[in-house]
Every structure is written in C-alpha cells, then in structure tokens.
Amino acid sequence: TKLYDVLARVAETYPRRGMMILISDLLVDLADAQRGLRLLRQRDHDVLVLHVMDDDELDFPFASPARFEGLEAADQLTCNPRALREGYLRALDDFLASIRHSCARDNVDYALIRTSMPLDAALAARVEAGTGAQVHEIYGSTEAGCIATRRPVAGLGWRLAKDLRLSVKDDGKV
C-alpha cells in the first residue's frame, strides 16, 4: 500500500481541521507513511496512529523449529526460532523506536496496540488521554433514541438508558 497516496487523498477530501486516526500494522514503506502523516499535521489535523501488532509479533514466543509463511507474499522461512529470537526482537525494537521518534518529531500521537486488546477500548483510552473527556459509546436508533451506553475504557457492559426496561416474551423476543 502506498500510504502517502491514501493520506494525501484524505487531506484533500477533508480540508477543514479534524481528527484523523490511522489504524495499521505499519508494515509499509515508513518514509512514505511519515510523509503522509506529516502532510496531515501540516494541514492542521490532529493525528493519532494506532499501531496494531499481534502478541506473537511482539513477544516472539516460538521455540520449536517452524515454518513462517508470509501473509501478503508467498515467502516462507523454515528455521529454528530460538536462533533468530534475539536478532528479531532487536530489529523490532529499532523499528518501533523509529516509528515513535518520527511520530514525536511530527507531533503525531502514537500508540502500540496488541491484537489481544480490544480496539474500541484502546481508541477510547487515547481519546480520553488527549482530550480529558470521557468517551461513551451509545447504542440506539433514530426511532427509539438512546437505548444503552457504555464506557469502553472502563471495561463494563452496557447500561440501559434511564427509565428504560426490557423484558423477554415467552417466544424469546425482547
């Protein structure tokens, strides 16, 4: 993916100041991505990068001989992961440090998110940290209005709106 092209189109489509959130694994040309993020900041957008990575990518827990297969290409690597672990984690640390550095330099908010963490809670936490305001998710419809709310950061379930009661009929319908 040519991320700069995508972000340049976003900048053209939304010329007024706004909040742009990029959710990506960032397995792209980093210089290209940095140019695009910088462009959004130059257009006065607030920019948040949620860098999503799998736990296994971050921890590299593999110990037995394995075959790794590429998801976007037909590449395969059969190896002893223990022999690669130290070098892989060092290269990963360098990769992440480079991303954090470029985001900080360009005043782009950055968060590394594990795939084991619910994305809605991660996003809400970043928005709350940046704004100081609580994020509430609202479930409802134009016909019924607000039915229930929840705070993703709190990790609690849905709360019915005030004075709203639900019941289950004999046929199982709500």
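Criteria and cut-off values
Residues numbered from 1 in each chain as written. Predicted model: local features only at pLDDT ≥ 70, side-chain atom pairs only at ≥ 80, totals over all residues. Heavy atoms only, no water. Buried < 20%, exposed > 50% of the residue type's maximum accessible area, 1.4 Å probe, protein only. Helix = DSSP H or I, 4+ residues; strand = E, 2+ residues; numbered from the N terminus. Pairing = 2+ DSSP bridges. 1 Å grid on protein atoms, 1.4 Å probe; cavity = no way out; pocket = protein on both sides within 12 Å on 5 of 7 lines; lining within 4 Å. Points joined across faces, edges and corners; volume = space filled by probe spheres on them.

### Observations regarding the pairing of strand β2 (residues 46-53)
Here comes step 1: With six of its eight residues buried, β2 lies for the most part within the structure.
Here comes step 2: The pairing of strand β1 (residues 19-24) with β2 spans six bridges and is classified as parallel. What sits directly across from I21, in β2, is L48.
Here comes step 3: Direction of pairing for β2 relative to strand β5 (residues 109-114): parallel, over a ladder of six bridges. Paired with V52 across the two strands is I113, which belongs to β5.

### Let's talk about empty space enclosed by the protein
The method is simple in principle: a probe with the dimensions of a water molecule rolls over the atoms, and the space it marks as empty is what remains.
Here comes step 1: The tally for this structure, following the rule as stated, stands at one cavity of 30 Å³ or more.
Here comes step 2: The calculated volume of the largest cavity comes to roughly 50 Å³.
Here comes step 3: For the largest cavity, the full set of lining residues is L26, L30, A33, Q34, L37, I99, S102 and C103.
Here comes step 4: Listed by contribution, the elements that provide at least two residues to the lining of the largest cavity are α2 (30-42) and α4 (81-105).

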